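Residue-level structural notes
So you can see what is in the structure, the chains are spelled out below.
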Amino acid sequence: MKPSVSISGLVLLCLLYFASASVFYLAITTEYIRSDSLTNARLAIFLILAPIIVKYIIQLITIPFYTLVEKYQQSRFLLPTDYAVSVLIPAWNEEMGILKTLKSVLQTNYANLEVIVINDGSTDNTHQLVTDFINTYQTDPAATTQIKYFELPNGGKAKGLNYGLKHSSGEIIITIDADSVMEGNAITNILKRFTDKDVAAVAGNVIVGNRKKSIELMQQLEYLYGFFFKRADSIFNSVYIIGGAAAAYQKKVLDELGGFDEDIITEDIEMSTRILGAGYKTRYAADAVVHTEGPSNFKDLFNQRLRWKFGRLLTFIKHRHLFFSCSKKHSPYLTFMLLPLAVYAEFTLFFEALLLAVFYGYTFYTNDYIPLVFVISFISIVILIQIIVDSKTRFHSNLLILAPVAWIIFYIIDAVEFQALVRSLIRLKNKENVQWQKWVRVGLKTHLK
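In this text, all values refer to a predicted model and were calculated from it rather than measured experimentally.

1. Overview of the pairing of strand β7 (residues 247-250)
Because side chains alternate across β7, one face comprises the buried residues A247 and Y249, and the other comprises A248 and Q250, equally buried. Pairing between strand β4 (residues 172-175) and β7: four bridges, direction antiparallel. Directly across from I172, in β7, lies its bridge partner Q250.

See below:
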């Protein structure tokens, strides 16, 4: 599918380019006005953001070694080629995409595979679509993959996954959301990362497949930017967010840890954090690609991020013993940098509007646009590098046009995250929970039939 942008989207893009160009123009044409008091304010902002900046510097220095480290890991151990794999597909009212998801898993043509679909009390046409497909598939002489189907009363995604886990036979459990599409080599590439018995979970590379609207392009850019840094986390065996859209686990580890937590709405984040807490390793497979569908309007995006933020905060609370842990079974990269700075980033997000007001007040008053020029240039270069090194360079080439204005787009993303943070904190204060919000699917356009 070639992404298209509406007239309003083009107008918005032109305005964003005008803003970026204006910063460079002002940096060249205006004269700096010295202000000691505002300079101190700018220094204070820099010191507040310094821990996060240091984290990014460490990650950017580490990332170039990702491929070399992986080659070393894969050459050091004799890898099995015949893992028994069970793919779990939990579904709740997923009539729009469930068949594309199911077909994409089957078309990986992995030999030792079973597929388990768990219908979590759907009230739409999901049941009929899946049962009709299975009945047709089973009559095909060329069909070699066993498909198990379970229809359960609505009990939540984690409960459905645990039921599927109980009825699975694979050594490796892979989960994929029912609005996602798996690429043909995804399973094989994920399995390459299970290089030793301590690697308990592997995250796949999730990319946003719907790219027609501006809000969808924004999420495509966000996913590309965020998943890029998982390369550094992988080097330190510390990927603590393994999304359910593309996650793989050792079954024996899931069984050992008691399965997915049914009380935390982001059961995937909680599980990957719990795995690290138990002393296991987690890694990232950049070439194991799964396309997912991002929300196509802001209301649905707001609710999705509320669920993510709330579940993440609950996970941090539950596993607070990991923060600054000196245990030998825990990576210092995880316990002294990744987790503490994840919480610190939420703190700075809460006060971001104030920090930005001070920063831009200083910038406009003193005409010191050089720091902003540096930020724009740095982010643009990082995104360019991300596109070049990603396994789906051609797919992400549409984002090249967004690189010079990404700094503004990230402010929009921060605003979405801010509302999720505030709503989450209110719910925590009131001891309220977050329910799974169903949002309108448009369906991914794929080559699958």
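2. Comments concerning a nonpolar patch on the surface
On the surface, a nonpolar cluster with roughly 690 Å² of combined accessible area is contributed by L43, F46, L47, I48, L49, I53, I57 and I61. Relative to the helices and strands, L47 resides in helix α2 (residues 36-62). Classification of L47 as exposed rests on a relative accessible area of 53%.

3. Notes on the packing of helix α1 (residues 7-29) against helix α17 (residues 406-429)
Relative placement of two packed helices is described by the angle separating their axes and the distance separating the axes. One way to put it is that α1 packs onto α17 with a least axis distance of 9 Å and a crossing angle of 120 degrees. Accordingly, the angle class assigned to the pair α1 and α17 is oblique. Contact with α1, carried on its side by L16, A19, S20 and V23, involves W407, I408 and I409 of α17 and no other residues of that element. Across the contact of α1 with α17, the residue classes break down as six nonpolar, one polar and no charged.

4. Quick notes on unusual backbone geometry
Although it is not a glycine, N93 sits at a positive phi angle of roughly 55 degrees. Locating N93 in the fold gives a position in the loop between β1 (85-91) and α4 (98-106). With relative accessibility at 14%, the residue N93 sits in the buried group. In the Ramachandran plot, N109 falls in the positive-phi region, its phi being about 60 degrees despite a non-glycine side chain.

5. Some thoughts on the side chain of K251
Of note, K251 is situated in helix α10 (residues 251-256). Once residues lying within four places of it in the same chain are set aside, the contact partners of K251 are L165, S168, G170, E171 and I173.

6. Looking at the side chain of N189
Mapped onto the secondary structure, N189 falls in helix α7 (residues 186-191). We classify N189 as buried; its relative accessible area is 5%. Contacts of N189, omitting those with residues within four sequence positions, involve A285, D287 and A288.

7. Re empty space enclosed by the protein
Within the structure shown, the criterion is met by one cavity of 30 Å³ or more. Quantified by volume, the largest cavity comes out at close to 40 Å³. Around the largest cavity, the lining residues are G97, K100, T101, D179, S180, V181, E293, G443 and L444.

8. A word on the packing of aromatic side chains
Two numbers describe a pair of aromatic rings. These are the distance of the centres and the angle of the planes. A complete count under the given rule lists 26 aromatic pairs for this structure. Plain terms: the ring middles of W407 and Y411 are 6.1 Å apart, the flat faces sit at 75 degrees to each other, and that makes the pair edge-to-face. Of this pair, W407 and Y411 both sit in helix α17, separated by four residues, roughly a single helical turn. Taking relative accessible area as the criterion, Y411 reaches 28% and is therefore assigned partly exposed. Following the ring pairs from residue to residue traces out a cluster consisting of F359, Y360, F364, Y369, W407 and Y411. Above the face of the F395 ring, R211 is positioned so that its terminal group lies 3.8 Å from the ring centre. The aromatic ring of F227 is capped on one face by K230, whose charged end is 5.1 Å from the ring centroid.

Here is what the cut-offs are and how they apply
Residues numbered from 1 in each chain as written. Predicted model: local features only at pLDDT ≥ 70, side-chain atom pairs only at ≥ 80, totals over all residues. Heavy atoms only, no water. Buried < 20%, exposed > 50% of the residue type's maximum accessible area, 1.4 Å probe, protein only. Helix = DSSP H or I, 4+ residues; strand = E, 2+ residues; numbered from the N terminus. Pairing = 2+ DSSP bridges. Patch = residues over 30% accessible without salt bridge, like charges linked within 9 Å, V, L, I, M, F, W, Y side chains within 5 Å. Areas by Shrake-Rupley, 256 points an atom, 1.4 Å probe, with all protein chains shown as cover. Salt bridge = Lys/Arg side-chain N within 4 Å of Asp/Glu carboxyl O. Axes fitted to C-alpha atoms, helices over the stretch in contact; angles between N-to-C directions. Parallel < 35°, antiparallel > 145°, perpendicular 65-115°, else oblique. Contact = heavy atoms within 4.5 Å. Nonpolar A, V, L, I, M, F, W, Y, C, P; charged D, E, K, R; others polar. 1 Å grid on protein atoms, 1.4 Å probe; cavity = no way out; pocket = protein on both sides within 12 Å on 5 of 7 lines; lining within 4 Å. Points joined across faces, edges and corners; volume = space filled by probe spheres on them. Phe/Tyr/Trp six-rings, centres within 6.5 Å; stacked < 30°, edge-to-face > 60°. Lys NZ or Arg CZ within 6 Å of the ring centre and 35° of its normal.

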